[in-house]
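Here are the chains, one letter per residue:
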Amino acid sequence: MSTPAEHRSPSEPPEPGAPEPRPSRDRGVVAGLLTTAGVLLAVLMSLLSGVLELLLISVRVGGHLIGVSAVLALVANILIGRFAHRATRRRWPVILAAVAWLLIVLLAAGRTTEGDYLITSNNWVGWAMIGLGSLAWTVVGIRLVSSPPANTLY
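Looking now at unusual backbone geometry. For Arg 89, which is not glycine, the phi dihedral falls at a positive 60 degrees. Relative to the assigned elements, Arg 89 resides in the loop between helix 2 (68-88) and helix 3 (92-109). Assessed through its relative accessible area of 26%, Arg 89 is described here as partly exposed.

This is the structure we're talking about:
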């Protein structure tokens, strides 16, 4: 059997009694959960990146410092910043990830309770890591501010 709607020509408007579909209320909840997960993941990646970079400051090859920590800071911070923006479709999570990385690095620049320094004044890699890592967050921030707002999926 066929219904009257199936016999209608394609150019005819739909029946006036047919309700329009409403957006689901669950979509807002899911979007909020995904944004929260993206923010938490970006901050966690930023913290872990800072700790890993601190552990790699004194890597040597043939007795010479190789600066793997500084390169990692540059590349990882750009990628984490990009992830934070793309995963959440918002700009403010990038700031949270940058502040988390900066707190780890600033805490490491001070003395430990035993009086030791994690980033010493005679280790160029530590200073390069701070400089290039900060530069990476600056580049990410400038790109976000100078780009048009992202199209949101939700």
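Side chains of Leu 41, Leu 44 and Leu 48 sit close together on the surface and give an oily, nonpolar patch of about 280 Å² of accessible area. Looking at the secondary structure, you find Leu 44 in helix 1 (residues 26-55).

Turning to the packing of helix 3 against helix 4 (residues 124-146), a few remarks are in order. Where helix 3 meets helix 4, the axes come as close as 11 Å, and the angle between the chain directions of the two elements is 170 degrees. Regarding the angle of helix 3 to helix 4, the classification is roughly antiparallel. On helix 4, the residues that touch Val 94, Ala 97, Ala 98, Trp 101 and Val 105 of helix 3 are Met 129, Ile 130, Gly 133, Ser 134, Trp 137, Val 140 and Leu 144. Class assignment for the residues of the contact of helix 3 with helix 4 results in 10 nonpolar, 2 polar and no charged.

So, on to helix 4. Residues that lie three or four places apart on an α-helix share one face, since the helix turns once every 3.6 residues. The end-to-end C-alpha separation of helix 4 is 32 Å, in line with the 33 Å expected for 23 residues at 1.5 Å each. Residues Val 125, Gly 126, Met 129, Gly 133, Ala 136, Trp 137, Val 140 and Leu 144 constitute the buried set of helix 4.

The next thing to look at is helix 3. With 18 residues, helix 3 extends 26 Å between its outermost C-alpha atoms, agreeing within 8% with the 26 Å of an ideal straight helix rising 1.5 Å per residue. Residues of helix 3 that are buried: Pro 93, Val 94, Ala 97, Ala 98, Ala 100, Trp 101, Val 105 and Ala 108. Along the long axis of helix 3, the arc covered by the buried residues comes to 155 degrees, so they all point the same way. Of the exposed residues in helix 3, those oriented more than 90 degrees away from the buried face are Ile 95, Leu 106 and Leu 107.

Basis of the calculations
- Each residue is numbered by its place in its chain's sequence as written, counting from 1.
- pLDDT decides what is reported in this predicted model: residues at 70 or higher carry local features, side-chain atom pairs at 80 or more are listed and counted, and totals for whole chains, interfaces and linings draw on all residues regardless.
- Excluded from the side-chain calculations are hydrogens and water; all other atoms, namely the structure's heavy atoms, are used.
- Starting at the N terminus, helices and strands are each numbered in turn, a helix being any DSSP run of H or I of at least four residues and a strand any DSSP run of E of at least two.
- Accessible area is worked out with a 1.4 Å probe on protein chains only. A residue is then buried under 20% of its type maximum, exposed over 50%, and partly exposed in between.
- Patch membership requires over 30% relative accessible area and the absence of a salt bridge. Like charges are linked within 9 Å, and nonpolar side chains (Val, Leu, Ile, Met, Phe, Trp, Tyr) within 5 Å.
- Accessible areas in this description were obtained via Shrake-Rupley with a 1.4 Å probe; residue shielding takes into account the shown protein chains only.
- Think of a salt bridge as a Lys or Arg side-chain nitrogen and an Asp or Glu carboxyl oxygen that are within 4 Å of each other.
- Angular values range over 0 to 180 degrees, each being the angle between N-to-C directions of two axes fitted as lines to C-alpha atoms, with helices fitted over their stretch in contact.
- To sort the angles, those under 35 degrees are grouped as roughly parallel, those over 145 as roughly antiparallel, those from 65 to 115 as roughly perpendicular, and the leftovers as oblique.
- Whether two residues are in contact is decided by their heavy atoms: any pair within 4.5 Å suffices.
- Charged residues are taken to be Asp, Glu, Lys and Arg, nonpolar residues to be Ala, Val, Leu, Ile, Met, Phe, Trp, Tyr, Cys and Pro, and polar residues to be all remaining types, Gly included.
- Multiplying 1.5 Å by the residue count of a helix minus one yields the expected span of that helix.
- An arc is given here, and it is the one of the directions from the helix axis to the C-beta atoms.

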